[in-house]
Amino acid sequence: MGCCASKSESSKKNSFLLQTLDGHETGVNCMALSEDGSVLATGSEDKTARLWSAKTSPCECIGILRGHEEYLNCILIEDCFCLTGSADKTVRKWDVSTCECVLIMRGHTSVIYRMICTGDFIFTSSYDRTARCWDFDNGECIRVFRGHKRGVYPLIFIPGDDEGADDIDNYDGSKDLLLTGSADFTARSWNFETGQCLKVFKGHTGAITCMSTDTMGRVLFTGSTDYSIRSWDLLKGEQLKLFAGHQGSVICMQVINKILYSGSSDHTGRAWVTEFGDCTRVYKGHKHTVSVIKMKDGLVLTGCGDAVARLYTGKSGSLVREFKGHDGAINALQIVEGRLFTGSYDGAVKVWDITGINDDTAFGKEDEEKKKSKENSDKIEQISKIDQNQNGIANGQGNKIMIE
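Residues numbered from 1 in each chain as written. Predicted model: local features only at pLDDT ≥ 70, side-chain atom pairs only at ≥ 80, totals over all residues. Heavy atoms only, no water.

**Some points on the overall build of the chain**
Secondary structure summary: the chain contains two helices and 36 strands in total. By the burial criterion, 60% of the 404 residues in the chain qualify as buried. Within the chain, counting contacts between residues at least 6 apart in sequence, those at least 24 apart form 48% of the total. As presented, the chain carries roughly 15900 Å² of accessible surface, and 45% of it is formed by carbon and sulfur atoms. (Helix = DSSP H or I, 4+ residues; strand = E, 2+ residues; numbered from the N terminus. Buried < 20%, exposed > 50% of the residue type's maximum accessible area, 1.4 Å probe, protein only. Contact = heavy atoms within 4.5 Å. Areas by Shrake-Rupley, 256 points an atom, 1.4 Å probe, with all protein chains shown as cover.)

**Notes on unusual backbone geometry**
Along the chain, serine 57 connects to proline 58 via a cis peptide bond; the corresponding omega equals 0°. Residue position: proline 58 is located in the loop between strand S5 (49–53) and strand S6 (61–65). Of note in the backbone geometry, aspartate 79 takes a positive phi value of approximately 60° without being a glycine. Relative to the helices and strands, aspartate 79 resides in the loop between strand S7 (72–78) and strand S8 (81–86).

**Some remarks on the sheet that holds strand S4 (residues 39–44)**
Pairing is antiparallel in the open sheet, where four strands are placed in the order S3-S4-S5-S6. Unpaired on one side and paired on the other, strand S3 (28–33) and S6 mark the two borders of the sheet. For this sheet, the mean angle separating the axes of adjacent strands, direction not counted, is 20°. Pairing between S4 and S5: five bridges, direction antiparallel. Bridged to glycine 43 within S5 is alanine 49. (Pairing = 2+ DSSP bridges. Axes fitted to C-alpha atoms, helices over the stretch in contact; angles between N-to-C directions.)

**Things to note about the sheet that holds strand S19 (residues 208–213)**
Strand order in the open sheet formed by four strands is S19-S20-S21-S22, with antiparallel pairing between adjacent strands. Of all strands in the sheet, those bounded by a partner on one side alone are S19 and strand S22 (238–243). Each strand of the sheet is rotated relative to its neighbour by a mean of 25°, with strand direction disregarded. For S19 and strand S20 (residues 219–224), the ladder comprises five bridges, and the chain directions are antiparallel.

**Thoughts on the packing of aromatic side chains**
The description of an aromatic ring pair uses the distance of the two centres, along with the angle that the planes make with each other. All told, the structure shown has 15 aromatic pairs when counted by the stated rule. Taking the centre distance of 5.9 Å and the plane angle of 80° together, the rings of phenylalanine 81 and phenylalanine 136 count as edge-to-face. Here phenylalanine 81, found in strand S8, pairs with phenylalanine 136, found in the loop between strand S13 (130–135) and strand S14 (141–146); they are 55 residues apart in sequence, far enough to count as distant. Seen in terms of ring centroids, phenylalanine 221 and phenylalanine 243 are 6.2 Å apart; in terms of plane orientation they differ by 85°. Their pairing is edge-to-face. Of this pair, phenylalanine 221 sits in strand S20 while phenylalanine 243 is found in strand S22, placing the two residues 22 residues apart along the sequence. Here the aromatic cluster, defined as three or more aromatic residues joined through ring pairs, consists of Phe121, Phe123, Phe157 and Phe192. (Phe/Tyr/Trp six-rings, centres within 6.5 Å; stacked < 30°, edge-to-face > 60°.)

Encoded structure:
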(Lines give C-alpha, C1' and ligand atoms only; values in the text may rest on other atoms or scores of the structure.)
Protein backbone atom coordinates (compact mmCIF):
# COMPACT_ATOMS: atom_id res chain seq x y z
CA MET A 1 0.00 0.00 0.00
CA GLY A 2 1.15 3.50 -0.69
CA CYS A 3 1.14 6.26 1.86
CA CYS A 4 0.98 10.00 1.82
CA ALA A 5 0.86 12.96 4.15
CA SER A 6 -2.31 13.63 6.06
CA LYS A 7 -2.79 16.35 8.63
CA SER A 8 -5.53 17.17 11.09
CA GLU A 9 -6.40 20.84 11.27
CA SER A 10 -7.89 23.10 13.89
CA SER A 11 -8.79 26.38 12.25
CA LYS A 12 -10.20 29.41 13.95
CA LYS A 13 -11.04 30.72 10.51
CA ASN A 14 -13.21 27.71 9.68
CA SER A 15 -14.31 25.54 12.60
CA PHE A 16 -16.01 23.06 10.26
CA LEU A 17 -12.74 21.86 8.72
CA LEU A 18 -11.78 18.51 10.24
CA GLN A 19 -8.83 17.48 8.08
CA THR A 20 -6.90 18.14 4.87
CA LEU A 21 -5.78 15.12 2.88
CA ASP A 22 -2.59 15.99 1.02
CA GLY A 23 -0.88 13.79 -1.51
CA HIS A 24 -2.09 14.63 -5.00
CA GLU A 25 0.42 16.88 -6.75
CA THR A 26 -2.21 18.66 -8.85
CA GLY A 27 -5.97 19.01 -9.16
CA VAL A 28 -8.52 16.43 -8.01
CA ASN A 29 -10.97 15.83 -10.85
CA CYS A 30 -13.23 13.06 -9.55
CA MET A 31 -14.27 11.08 -6.48
CA ALA A 32 -16.05 7.82 -5.74
CA LEU A 33 -17.15 5.87 -2.66
CA SER A 34 -17.22 2.16 -2.02
CA GLU A 35 -20.69 0.73 -1.48
CA ASP A 36 -20.30 0.70 2.30
CA GLY A 37 -18.77 4.18 2.32
CA SER A 38 -15.56 3.01 3.97
CA VAL A 39 -13.23 3.80 1.06
CA LEU A 40 -12.98 7.07 -0.86
CA ALA A 41 -11.21 7.06 -4.23
CA THR A 42 -9.89 10.23 -5.88
CA GLY A 43 -8.61 10.77 -9.42
CA SER A 44 -6.25 13.58 -10.30
CA GLU A 45 -4.49 15.67 -12.90
CA ASP A 46 -1.27 14.12 -11.57
CA LYS A 47 -2.13 10.86 -13.42
CA THR A 48 -2.74 8.91 -10.20
CA ALA A 49 -5.67 7.74 -8.13
CA ARG A 50 -5.59 7.50 -4.37
CA LEU A 51 -7.61 5.45 -1.89
CA TRP A 52 -8.55 6.89 1.51
CA SER A 53 -10.15 5.47 4.63
CA ALA A 54 -13.38 7.48 4.73
CA LYS A 55 -14.79 6.41 8.10
CA THR A 56 -11.69 6.58 10.29
CA SER A 57 -10.53 9.52 12.39
CA PRO A 58 -8.26 10.73 11.04
CA CYS A 59 -8.78 9.63 7.44
CA GLU A 60 -5.67 8.06 5.94
CA CYS A 61 -4.27 7.34 2.50
CA ILE A 62 -4.40 3.54 2.10
CA GLY A 63 -3.23 3.22 -1.48
CA ILE A 64 -1.83 4.95 -4.57
CA LEU A 65 -2.72 3.73 -8.07
CA ARG A 66 0.03 4.59 -10.55
CA GLY A 67 0.16 3.69 -14.23
CA HIS A 68 -1.91 6.11 -16.30
CA GLU A 69 0.01 8.33 -18.71
CA GLU A 70 -2.41 11.27 -18.58
CA TYR A 71 -4.87 12.88 -16.13
CA LEU A 72 -7.90 11.02 -14.76
CA ASN A 73 -11.45 12.13 -15.56
CA CYS A 74 -13.55 9.45 -13.87
CA ILE A 75 -13.29 6.88 -11.11
CA LEU A 76 -15.46 4.13 -9.59
CA ILE A 77 -15.22 1.48 -6.89
CA GLU A 78 -16.93 -1.78 -7.79
CA ASP A 79 -16.71 -4.72 -5.40
CA CYS A 80 -12.99 -5.13 -4.56
CA PHE A 81 -11.81 -3.18 -7.58
CA CYS A 82 -11.25 0.43 -8.54
CA LEU A 83 -11.87 1.58 -12.12
CA THR A 84 -10.21 4.67 -13.59
CA GLY A 85 -10.76 6.43 -16.92
CA SER A 86 -8.08 8.71 -18.32
CA ALA A 87 -7.08 11.16 -21.00
CA ASP A 88 -4.56 8.49 -22.07
CA LYS A 89 -7.55 6.78 -23.78
CA THR A 90 -7.57 3.78 -21.44
CA VAL A 91 -9.60 2.36 -18.57
CA ARG A 92 -7.69 0.56 -15.85
CA LYS A 93 -8.97 -1.93 -13.32
CA TRP A 94 -7.13 -2.07 -10.02
CA ASP A 95 -7.19 -4.54 -7.12
CA VAL A 96 -8.01 -2.38 -4.09
CA SER A 97 -6.21 -4.69 -1.66
CA THR A 98 -2.88 -4.69 -3.53
CA CYS A 99 -3.16 -1.46 -5.62
CA GLU A 100 -2.00 -3.46 -8.64
CA CYS A 101 -3.44 -2.86 -12.10
CA VAL A 102 -5.08 -6.13 -13.21
CA LEU A 103 -6.58 -4.99 -16.55
CA ILE A 104 -6.09 -2.26 -19.12
CA MET A 105 -8.96 -1.59 -21.52
CA ARG A 106 -7.86 -0.08 -24.82
CA GLY A 107 -9.99 0.94 -27.79
CA HIS A 108 -11.01 4.57 -27.45
CA THR A 109 -9.09 6.92 -29.73
CA SER A 110 -9.42 10.04 -27.58
CA VAL A 111 -9.92 11.21 -24.00
CA ILE A 112 -12.22 9.05 -21.86
CA TYR A 113 -14.72 11.34 -20.21
CA ARG A 114 -17.24 9.40 -18.13
CA MET A 115 -17.80 5.85 -16.89
CA ILE A 116 -20.50 3.74 -15.25
CA CYS A 117 -20.48 0.11 -14.10
CA THR A 118 -23.35 -2.34 -13.73
CA GLY A 119 -21.26 -5.05 -12.08
CA ASP A 120 -21.09 -7.16 -15.23
CA PHE A 121 -20.32 -4.37 -17.67
CA ILE A 122 -18.40 -1.11 -17.81
CA PHE A 123 -19.63 1.73 -20.05
CA THR A 124 -17.40 4.62 -21.09
CA SER A 125 -17.87 7.81 -23.08
CA SER A 126 -15.18 9.62 -25.02
CA TYR A 127 -14.30 12.63 -27.08
CA ASP A 128 -13.83 10.15 -29.96
CA ARG A 129 -17.63 10.42 -30.53
CA THR A 130 -18.37 6.91 -29.24
CA ALA A 131 -19.47 5.08 -26.12
CA ARG A 132 -18.14 1.62 -25.44
CA CYS A 133 -19.16 -1.38 -23.36
CA TRP A 134 -16.51 -3.58 -21.73
CA ASP A 135 -16.67 -6.93 -19.97
CA PHE A 136 -15.96 -6.27 -16.28
CA ASP A 137 -14.10 -9.54 -15.75
CA ASN A 138 -11.79 -9.74 -18.77
CA GLY A 139 -11.82 -6.15 -20.10
CA GLU A 140 -12.93 -7.17 -23.59
CA CYS A 141 -14.69 -4.47 -25.62
CA ILE A 142 -18.12 -5.97 -26.23
CA ARG A 143 -19.82 -3.18 -28.12
CA VAL A 144 -19.19 0.24 -29.66
CA PHE A 145 -22.06 2.74 -29.85
CA ARG A 146 -21.50 4.95 -32.90
CA GLY A 147 -23.67 7.77 -34.20
CA HIS A 148 -22.89 10.97 -32.32
CA LYS A 149 -21.18 13.62 -34.42
CA ARG A 150 -19.12 15.08 -31.57
CA GLY A 151 -17.74 13.98 -28.22
CA VAL A 152 -19.91 11.91 -25.88
CA TYR A 153 -20.28 13.14 -22.30
CA PRO A 154 -22.82 11.80 -19.73
CA LEU A 155 -24.00 8.19 -19.59
CA ILE A 156 -26.98 6.37 -18.09
CA PHE A 157 -27.72 2.64 -18.17
CA ILE A 158 -31.30 1.44 -17.63
CA PRO A 159 -31.77 -2.32 -17.15
CA GLY A 160 -34.90 -3.88 -18.59
CA ASP A 161 -37.95 -4.56 -16.45
CA ASP A 162 -39.50 -7.94 -17.13
CA GLU A 163 -42.79 -6.71 -15.71
CA GLY A 164 -42.90 -3.94 -18.30
CA ALA A 165 -42.97 -6.26 -21.32
CA ASP A 166 -45.48 -4.08 -23.14
CA ASP A 167 -43.24 -1.04 -22.86
CA ILE A 168 -40.21 -3.05 -23.89
CA ASP A 169 -41.77 -3.52 -27.33
CA ASN A 170 -41.56 0.23 -27.77
CA TYR A 171 -37.83 -0.02 -27.17
CA ASP A 172 -37.58 -2.03 -30.40
CA GLY A 173 -37.06 -5.28 -28.49
CA SER A 174 -34.32 -4.01 -26.22
CA LYS A 175 -34.47 -5.02 -22.56
CA ASP A 176 -31.53 -2.84 -21.54
CA LEU A 177 -30.94 0.76 -22.56
CA LEU A 178 -27.85 2.93 -22.74
CA LEU A 179 -28.41 6.69 -22.83
CA THR A 180 -25.73 9.10 -24.01
CA GLY A 181 -25.45 12.89 -24.17
CA SER A 182 -23.16 14.65 -26.61
CA ALA A 183 -21.55 17.89 -27.73
CA ASP A 184 -23.54 17.45 -30.96
CA PHE A 185 -26.57 18.89 -29.08
CA THR A 186 -28.39 15.52 -28.93
CA ALA A 187 -28.98 12.64 -26.54
CA ARG A 188 -29.48 9.11 -27.83
CA SER A 189 -30.93 5.86 -26.54
CA TRP A 190 -29.30 2.61 -27.61
CA ASN A 191 -30.27 -1.05 -27.70
CA PHE A 192 -27.66 -2.63 -25.44
CA GLU A 193 -27.85 -6.02 -27.16
CA THR A 194 -27.35 -4.79 -30.72
CA GLY A 195 -25.71 -1.36 -30.32
CA GLN A 196 -28.48 0.10 -32.50
CA CYS A 197 -29.58 3.70 -31.89
CA LEU A 198 -33.26 3.69 -30.96
CA LYS A 199 -34.13 7.34 -30.42
CA VAL A 200 -32.41 10.68 -31.01
CA PHE A 201 -33.51 13.42 -28.60
CA LYS A 202 -33.24 16.69 -30.57
CA GLY A 203 -34.04 20.17 -29.32
CA HIS A 204 -31.03 21.52 -27.47
CA THR A 205 -28.89 24.16 -29.19
CA GLY A 206 -25.79 23.45 -27.13
CA ALA A 207 -23.76 20.51 -25.83
CA ILE A 208 -25.50 18.15 -23.39
CA THR A 209 -23.41 18.20 -20.23
CA CYS A 210 -25.46 16.19 -17.71
CA MET A 211 -28.42 13.81 -17.55
CA SER A 212 -30.69 12.00 -15.12
CA THR A 213 -33.94 10.02 -15.13
CA ASP A 214 -37.11 9.72 -13.06
CA THR A 215 -37.53 6.91 -10.54
CA MET A 216 -39.15 4.61 -13.11
CA GLY A 217 -36.58 5.16 -15.81
CA ARG A 218 -39.21 6.42 -18.24
CA VAL A 219 -38.37 10.14 -18.35
CA LEU A 220 -34.96 11.49 -19.36
CA PHE A 221 -33.68 14.87 -18.15
CA THR A 222 -30.90 16.66 -20.03
CA GLY A 223 -28.91 19.77 -19.12
CA SER A 224 -27.10 21.81 -21.74
CA THR A 225 -24.75 24.67 -22.52
CA ASP A 226 -27.80 26.34 -24.14
CA TYR A 227 -28.83 27.29 -20.56
CA SER A 228 -31.84 24.93 -20.55
CA ILE A 229 -32.95 21.65 -19.03
CA ARG A 230 -35.37 19.47 -20.97
CA SER A 231 -37.41 16.38 -20.14
CA TRP A 232 -38.12 13.64 -22.66
CA ASP A 233 -40.39 10.64 -23.03
CA LEU A 234 -37.89 7.80 -23.37
CA LEU A 235 -40.38 5.52 -25.12
CA LYS A 236 -41.43 8.01 -27.77
CA GLY A 237 -38.34 10.19 -28.00
CA GLU A 238 -40.49 13.30 -27.62
CA GLN A 239 -39.77 16.40 -25.56
CA LEU A 240 -42.06 16.87 -22.56
CA LYS A 241 -41.00 20.07 -20.77
CA LEU A 242 -38.53 22.92 -21.13
CA PHE A 243 -36.97 24.11 -17.85
CA ALA A 244 -36.03 27.74 -18.49
CA GLY A 245 -34.41 30.02 -15.93
CA HIS A 246 -30.67 29.46 -15.81
CA GLN A 247 -28.66 32.28 -17.38
CA GLY A 248 -25.61 30.12 -18.08
CA SER A 249 -24.63 26.58 -19.03
CA VAL A 250 -26.21 23.80 -16.96
CA ILE A 251 -23.30 21.83 -15.53
CA CYS A 252 -24.74 19.24 -13.14
CA MET A 253 -28.02 17.78 -11.94
CA GLN A 254 -29.60 15.31 -9.56
CA VAL A 255 -33.21 14.09 -9.40
CA ILE A 256 -34.70 13.23 -6.00
CA ASN A 257 -38.36 12.21 -5.84
CA LYS A 258 -40.16 14.77 -8.03
CA ILE A 259 -37.56 17.51 -7.68
CA LEU A 260 -34.62 18.15 -10.00
CA TYR A 261 -31.60 20.01 -8.60
CA SER A 262 -29.26 21.73 -11.05
CA GLY A 263 -26.04 23.74 -10.97
CA SER A 264 -24.98 26.28 -13.56
CA SER A 265 -22.24 28.61 -14.76
CA ASP A 266 -24.68 31.45 -13.92
CA HIS A 267 -23.46 31.07 -10.28
CA THR A 268 -26.72 29.50 -9.02
CA GLY A 269 -28.20 26.19 -8.06
CA ARG A 270 -31.91 25.62 -8.69
CA ALA A 271 -34.69 23.25 -7.68
CA TRP A 272 -37.39 22.35 -10.23
CA VAL A 273 -40.65 20.40 -10.18
CA THR A 274 -39.97 17.67 -12.73
CA GLU A 275 -43.60 17.24 -13.78
CA PHE A 276 -44.18 20.88 -14.71
CA GLY A 277 -40.70 22.34 -15.27
CA ASP A 278 -41.27 25.10 -12.69
CA CYS A 279 -38.34 26.52 -10.71
CA THR A 280 -39.24 26.52 -7.00
CA ARG A 281 -35.92 27.49 -5.36
CA VAL A 282 -32.77 29.36 -6.30
CA TYR A 283 -29.64 28.63 -4.25
CA LYS A 284 -27.68 31.89 -4.31
CA GLY A 285 -24.35 33.11 -3.00
CA HIS A 286 -21.94 31.44 -5.41
CA LYS A 287 -19.32 33.59 -7.07
CA HIS A 288 -18.50 31.19 -9.89
CA THR A 289 -19.78 28.08 -11.70
CA VAL A 290 -21.68 25.54 -9.58
CA SER A 291 -19.83 22.43 -10.72
CA VAL A 292 -21.48 19.83 -8.48
CA ILE A 293 -24.78 19.66 -6.58
CA LYS A 294 -26.08 16.96 -4.23
CA MET A 295 -29.22 16.65 -2.12
CA LYS A 296 -28.95 14.70 1.14
CA ASP A 297 -31.28 14.46 4.15
CA GLY A 298 -33.22 17.59 3.18
CA LEU A 299 -30.06 19.61 2.57
CA VAL A 300 -28.50 20.77 -0.69
CA LEU A 301 -24.72 20.82 -0.99
CA THR A 302 -22.82 22.53 -3.78
CA GLY A 303 -19.23 22.69 -4.95
CA CYS A 304 -18.20 25.84 -6.78
CA GLY A 305 -15.52 27.37 -8.97
CA ASP A 306 -14.97 30.01 -6.29
CA ALA A 307 -13.28 27.33 -4.13
CA VAL A 308 -16.16 27.23 -1.62
CA ALA A 309 -18.59 24.42 -0.78
CA ARG A 310 -21.99 25.50 0.50
CA LEU A 311 -24.86 23.90 2.37
CA TYR A 312 -28.49 25.03 1.97
CA THR A 313 -31.81 23.95 3.38
CA GLY A 314 -33.60 22.23 0.53
CA LYS A 315 -37.06 23.67 1.15
CA SER A 316 -36.31 27.30 2.00
CA GLY A 317 -33.14 27.69 -0.06
CA SER A 318 -31.42 29.39 2.89
CA LEU A 319 -27.63 29.26 3.03
CA VAL A 320 -26.69 27.43 6.23
CA ARG A 321 -22.93 26.96 6.02
CA GLU A 322 -19.98 27.86 3.84
CA PHE A 323 -16.89 25.67 3.77
CA LYS A 324 -13.88 27.83 2.93
CA GLY A 325 -10.30 26.64 2.73
CA HIS A 326 -9.59 25.44 -0.80
CA ASP A 327 -7.42 27.52 -3.14
CA GLY A 328 -9.03 26.29 -6.36
CA ALA A 329 -12.33 25.24 -7.87
CA ILE A 330 -14.17 22.38 -6.16
CA ASN A 331 -14.69 19.65 -8.74
CA ALA A 332 -16.21 16.83 -6.68
CA LEU A 333 -17.82 16.07 -3.34
CA GLN A 334 -18.99 13.03 -1.39
CA ILE A 335 -20.84 12.62 1.91
CA VAL A 336 -20.06 9.97 4.53
CA GLU A 337 -21.75 9.83 7.94
CA GLY A 338 -21.92 13.53 8.70
CA ARG A 339 -18.68 14.37 6.94
CA LEU A 340 -18.31 16.19 3.65
CA PHE A 341 -15.34 15.36 1.41
CA THR A 342 -14.41 17.96 -1.21
CA GLY A 343 -11.89 17.56 -4.03
CA SER A 344 -10.39 20.66 -5.59
CA TYR A 345 -8.23 21.90 -8.43
CA ASP A 346 -5.72 22.88 -5.72
CA GLY A 347 -4.90 19.17 -5.31
CA ALA A 348 -6.30 18.85 -1.79
CA VAL A 349 -9.13 16.74 -0.42
CA LYS A 350 -10.73 18.35 2.61
CA VAL A 351 -12.98 16.80 5.23
CA TRP A 352 -15.71 18.96 6.80
CA ASP A 353 -18.17 18.56 9.65
CA ILE A 354 -21.77 18.79 8.44
CA THR A 355 -23.51 17.51 11.57
CA GLY A 356 -25.66 19.35 14.09
CA ILE A 357 -27.03 22.04 11.81
CA ASN A 358 -30.32 21.92 13.69
CA ASP A 359 -32.77 19.32 14.88
CA ASP A 360 -34.73 19.47 11.64
CA THR A 361 -31.86 19.05 9.23
CA ALA A 362 -29.09 17.34 11.20
CA PHE A 363 -27.49 14.52 9.26
CA GLY A 364 -28.28 11.11 10.67
CA LYS A 365 -31.64 12.23 12.11
CA GLU A 366 -33.98 11.35 9.29
CA ASP A 367 -37.69 11.92 9.66
CA GLU A 368 -40.21 10.08 7.51
CA GLU A 369 -39.97 12.57 4.66
CA LYS A 370 -36.18 12.29 4.55
CA LYS A 371 -36.38 8.50 4.66
CA LYS A 372 -38.76 8.60 1.70
CA SER A 373 -36.36 10.91 -0.13
CA LYS A 374 -33.48 8.52 0.47
CA GLU A 375 -35.56 5.52 -0.59
CA ASN A 376 -36.51 7.22 -3.85
CA SER A 377 -32.93 8.29 -4.45
CA ASP A 378 -31.80 4.71 -3.92
CA LYS A 379 -34.55 3.56 -6.27
CA ILE A 380 -33.24 5.77 -9.05
CA GLU A 381 -29.79 4.29 -8.48
CA GLN A 382 -31.20 0.76 -8.69
CA ILE A 383 -33.25 1.40 -11.81
CA SER A 384 -30.78 3.62 -13.67
CA LYS A 385 -27.03 3.40 -13.41
CA ILE A 386 -26.25 7.10 -13.55
CA ASP A 387 -22.78 8.50 -14.09
CA GLN A 388 -21.81 9.85 -10.66
CA ASN A 389 -18.94 11.92 -12.00
CA GLN A 390 -21.24 14.43 -13.66
CA ASN A 391 -19.42 17.48 -12.45
CA GLY A 392 -16.35 19.48 -13.29
CA ILE A 393 -17.34 20.13 -16.91
CA ALA A 394 -16.27 23.70 -16.29
CA ASN A 395 -14.13 24.82 -13.39
CA GLY A 396 -12.42 27.92 -12.18
CA GLN A 397 -9.05 27.04 -13.64
CA GLY A 398 -9.92 25.68 -17.06
CA ASN A 399 -12.48 23.98 -19.27
CA LYS A 400 -12.12 20.37 -20.29
CA ILE A 401 -15.01 20.33 -22.75
CA MET A 402 -13.58 19.73 -26.19
CA ILE A 403 -15.94 20.77 -28.98
CA GLU A 404 -14.65 19.14 -32.14
